[in-house]
Amino acid sequence: MTDTPLPKLGIRLDGAMTPRACVARAVSAEAAGLDRVWFAENAFARGILPAAAACAVATDRIGIVAGVFNPFARHPTMMAMEIGALDELAGGRAAISIGSGIGSAVEKIGGAADRPLVALRETHAILAGMLRGENVTVEGERMTATGVRLGYRARPGIEIFVAGRGDLTLKFSGAAADGLIISNMCSRGYSRRAHAIAADARAEAGRDGPPVLVQYMPAAVRTDRDEALALAKRAVGALLPNFWGLASRVPSAKLALSEGTGLEDAAFEAVVARLKAGEDPAEAVDTRLALAFAIGGTPEEALEQAAAYRAAGVAELALTFDDSAPETDAALLGQALAARGRAWT
């Protein structure tokens, strides 16, 4: 397996964690040789910018990706102001991710959840233009900026990632963004499909090179395989009921969950029923289902599983480690990477 190409490996942090906890995980990820810290700002949880800034100060090498920001909670002009400053603080290590927001949360703050791609396109236009130092005017259907220019010079090339799963968003990411983020509970078959759609759109737009596909994923890495698998099962079990509920309403969510897994609806429904009845996810979720949506096993097995995602077109995995010992997960993964020569490709 030494020569098997790997995706880059980073960690995912979110507003459920305190800023100090985020710093501890970022420091351990950097020590392990992981690539980036990916922040995911969830509606009405802790805002991630204090934690991102603290992580930037506490580390020296690891990348800091702030997001996923939506334009209804944070106007794209403010996004540009903040990410440019964060990048200065990080010494040129920052990037930003944007999305259209969760519809129900957008509506709670008076936003219009319909036509999300329109809002995303207009947000990208304002944000990218300001980061390039341009005088930006966008009179859009959802977002407006009239004659705005960033009041300082941001570093050229700050990356803008787009998060989403619908086909139109996948195409937009390939045509315009620096990369695409897909969420937890997306199958490897869906990852392959998303990469292909983004790649076609990128080629049609005349852009060189492959798309950069980043995937969020729970992970448990232990020297004891059974312990790791039990943690992976519990992580998937915690996510599955909400994602299965979403899949019942949103076709793209259903496709993301089931594409290429060979799992029938009845299989998902049976597991969800057991979980809702209070059964331990380590018993309700079998190994096949767990490893369809999580990394779980010994360090060497974790790298083998990650390599399968690289083969499906995933450039980077943003891993959410179990709360019980996230520093252990990172350290074990880092040791395995060092043993095989950290073969990023």
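A brief report on the enclosed structure follows. (Residues numbered from 1 in each chain as written. Predicted model: local features only at pLDDT ≥ 70, side-chain atom pairs only at ≥ 80, totals over all residues. Heavy atoms only, no water.)

Considering the nonpolar core
- The biggest cluster of nonpolar side chains holds 76 residues, and the ones touching the most others in it are Leu34 and Phe39.
- Counting residues per element, this core draws most heavily on helix 5 (residues 116-131), which supplies seven residues.
- Counting 20 residues, the second-largest nonpolar core is a separate cluster that includes Leu240, Phe268, Leu289 and Ala292. (Core = buried A, V, L, I, M, F, W, Y, C linked by side-chain atoms within 4.5 Å. Buried < 20%, exposed > 50% of the residue type's maximum accessible area, 1.4 Å probe, protein only. Helix = DSSP H or I, 4+ residues; strand = E, 2+ residues; numbered from the N terminus.)

Here's the deal with the packing of helix 8 (residues 225-247) against helix 10 (residues 265-276)
- For the pair helix 8 and helix 10, interaxial distance at closest approach is 10 Å and the crossing angle is 120°. Overall, the two elements helix 8 and helix 10 adopt an arrangement that is oblique. Crossing handedness for the pair helix 8 and helix 10: left-handed. Touching Gly237, Leu240, Pro241 and Trp244 of helix 8 are Asp265, Phe268, Glu269, Val271, Val272, Leu275 and Lys276, all from helix 10.
- For the contact of helix 8 with helix 10, the class distribution of residues is seven nonpolar, one polar and three charged. (Axes fitted to C-alpha atoms, helices over the stretch in contact; angles between N-to-C directions. Parallel < 35°, antiparallel > 145°, perpendicular 65-115°, else oblique. Left-handed = near helix turned anticlockwise from the far one by under 90°. Contact = heavy atoms within 4.5 Å. Nonpolar A, V, L, I, M, F, W, Y, C, P; charged D, E, K, R; others polar.)

Topic: helix 3 (residues 76-89)
- Its 14 residues give helix 3 an end-to-end C-alpha distance of 20 Å, which sits within 8% of 20 Å, the value for a rise of 1.5 Å per residue.
- The complete set of buried residues in helix 3 reads Pro76, Thr77, Met79, Ala80, Ile83, Gly84, Leu86 and Asp87.
- For helix 3, the secondary structure elements touched by its buried residues are helix 2 (49-58), strand 3 (63-69), strand 4 (94-98), helix 5 and strand 6 (144-148).
- Gly91 sits one or two positions beyond helix 3 and adopts a positive phi of about 70°. (Expected span 1.5 Å × (residues − 1).)

Considerations on the layout of surface pockets
- Volume-wise, the second largest pocket comes out at about 250 Å³.
- Contributing to the lining of the second largest pocket are 17 residues, with Ala128, Leu131, Arg132, Gly133 and Pro156 lying nearest its centre.
- Among the elements that make up the lining of the second largest pocket, the one with the highest residue count is helix 5 (four residues).
- Here the lining of the second largest pocket is built from residues that sort into ten nonpolar, three polar and four charged. (1 Å grid on protein atoms, 1.4 Å probe; cavity = no way out; pocket = protein on both sides within 12 Å on 5 of 7 lines; lining within 4 Å. Points joined across faces, edges and corners; volume = space filled by probe spheres on them.)

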